[in-house]
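Secondary and tertiary structure notes
The chain contents come next:
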Amino acid sequence: MESKKISKNSKKLIIFSSILFLILLTSLIFYFVELKSYRKVFIFQCIDDDKTHFEVRYLPKVDKEQQIKQYVDDLLLGPINDRYRPLFPAGTKINSCFVRDKKIYIDLSEEALLQKGISSETKIAVELLKLNITKNFNGIDDVILFMMGQEVYTQESVE
């Protein structure tokens, strides 16, 4: 009878230890996977109600200088949710992108000018692009946007 108690307790201890080990192993896996990516929020306009909605994505880690370009590239691909509008029409690409003095300068291809399909209106898309960048990158104070080499929606042209 004494040996049955010991064996029952031993089994419980082994099962408990195994579960604890699996939890620890799973935590470590998630921890190391998380180190290889960084979390960013994407803001898109909804098709149904024109309100803005958020998507969270994990992008692969790259050099600090490449993070913004990688983020904008992903933003231009559009939303994952099919009920959200892409900012710009499909095919819009970055011609150039660089940061100087807490300002980012982005030049988009001519496709960005075309309002077609379900994409947001160009002015709204520009506002959302600026909002996305300033909310996700603390070191950026201003977004200067060009389309085909021409600056668009400057302070002077908005007023």
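Anyway, here's the lowdown on the structure attached to this text. (Residues numbered from 1 in each chain as written. Predicted model: local features only at pLDDT ≥ 70, side-chain atom pairs only at ≥ 80, totals over all residues. Heavy atoms only, no water.)

Now for unusual backbone geometry. Of note, D50 is a non-glycine position whose phi angle comes to about 60°, a positive value. Assignment of secondary structure puts D50 in the loop between β1 (37-46) and β2 (52-60). By relative accessible area, which is 46% here, D50 ends up partly exposed. In this structure, K102 is a non-glycine residue whose phi angle is positive, near 65°. Within the fold, K102 resides in the loop between β4 (94-100) and β5 (103-108). (Helix = DSSP H or I, 4+ residues; strand = E, 2+ residues; numbered from the N terminus. Buried < 20%, exposed > 50% of the residue type's maximum accessible area, 1.4 Å probe, protein only.)

Note on placement: I104 falls in strand β5. A relative accessible area of 0% means that I104 is categorised as buried. C-alpha of I104 to C-alpha of I68: the two residues are 36 residues apart in sequence and 8.8 Å apart in space. Excluding its chain neighbours within four sequence positions, the residues that come into contact with I104 are I68, C97, F98, V99, I133, I140, D142, V143 and I144. (Contact = heavy atoms within 4.5 Å.)

Turning our eyes to something else, we now look at the packing of aromatic side chains. Per the stated rule, a full pass over the model turns up 4 aromatic pairs. Pairing Y71 with F137 gives two aromatic rings, centres 5.4 Å apart and planes at 80°, and the pair type is edge-to-face. Taken together, the residues span a long stretch of sequence, with Y71 in helix α2 (residues 64-77) and F137 in the loop between α3 (122-136) and β6 (142-147) at a distance of 66 residues. One exposure class covers both Y71 and F137, and it is buried. The rings of F42, F44, Y71 and F137 are connected pair by pair, giving a single aromatic cluster. The positively charged end of K40 is found above the aromatic ring belonging to F137, 4.2 Å away from the centroid. (Phe/Tyr/Trp six-rings, centres within 6.5 Å; stacked < 30°, edge-to-face > 60°. Lys NZ or Arg CZ within 6 Å of the ring centre and 35° of its normal.)

It is worth spelling out the sheet that holds β2 at this point. Either a parallel or an antiparallel arrangement is found when strands of a sheet pair, and the pairing is made through backbone hydrogen bonds. Across the sheet, which stays open at both edges, the 3 strands sit in the order β2-β1-β3 with antiparallel pairing between neighbours. Two strands bound the open sheet, and with one partner strand each, they are β2 and β3 (84-85). As judged from the 9 bridges shared by β1 and β2, these two strands associate in the antiparallel manner. Its bridge partner lying in β2, R39 is registered against Y58. (Pairing = 2+ DSSP bridges.)

What follows deals with the sheet that holds strand β7 (residues 150-151). Reading across from one edge, β4-β5-β6-β7 is the order of the 4 strands in this open sheet, with mixed pairing throughout. Two strands close off the open sheet at either side, each with one partner strand: β4 and β7. Bridge analysis of β5 against β6 gives 6 bridges, and the strand direction is parallel. Among the inter-strand pairings, I106 is bridged to a residue of β6, identified as L145. Here α3 sits on the sheet and contacts β5 and β6; the angle it forms with β6, its principal contact strand, is near 140°. (Axes fitted to C-alpha atoms, helices over the stretch in contact; angles between N-to-C directions.)

Here the focus is the nonpolar core. One finds V72, F88, L108 and I133 to be the most contacted residues of the largest nonpolar core, which totals 30 residues. Contributions of two or more residues to this core are made by β1, α2, β5, α3 and β6. Those residues in contact with I133 that sit more than four places away from it in its chain are Y71, V72, I104, I106, I140 and V143. (Core = buried A, V, L, I, M, F, W, Y, C linked by side-chain atoms within 4.5 Å.)

Now for the packing of α2 against α3. α3 packs onto α2 with a crossing angle of 140° between their chain directions and a minimal axis gap of 11 Å. Viewed along their axes, α2 and α3 adopt a mutual orientation that is oblique. Crossing of α2 over α3 shows right-handed handedness. Facing Y71, V72 and L75 of α2, the residues of α3 in contact are L129, N132, I133 and N136. (Parallel < 35°, antiparallel > 145°, perpendicular 65-115°, else oblique. Left-handed = near helix turned anticlockwise from the far one by under 90°.)

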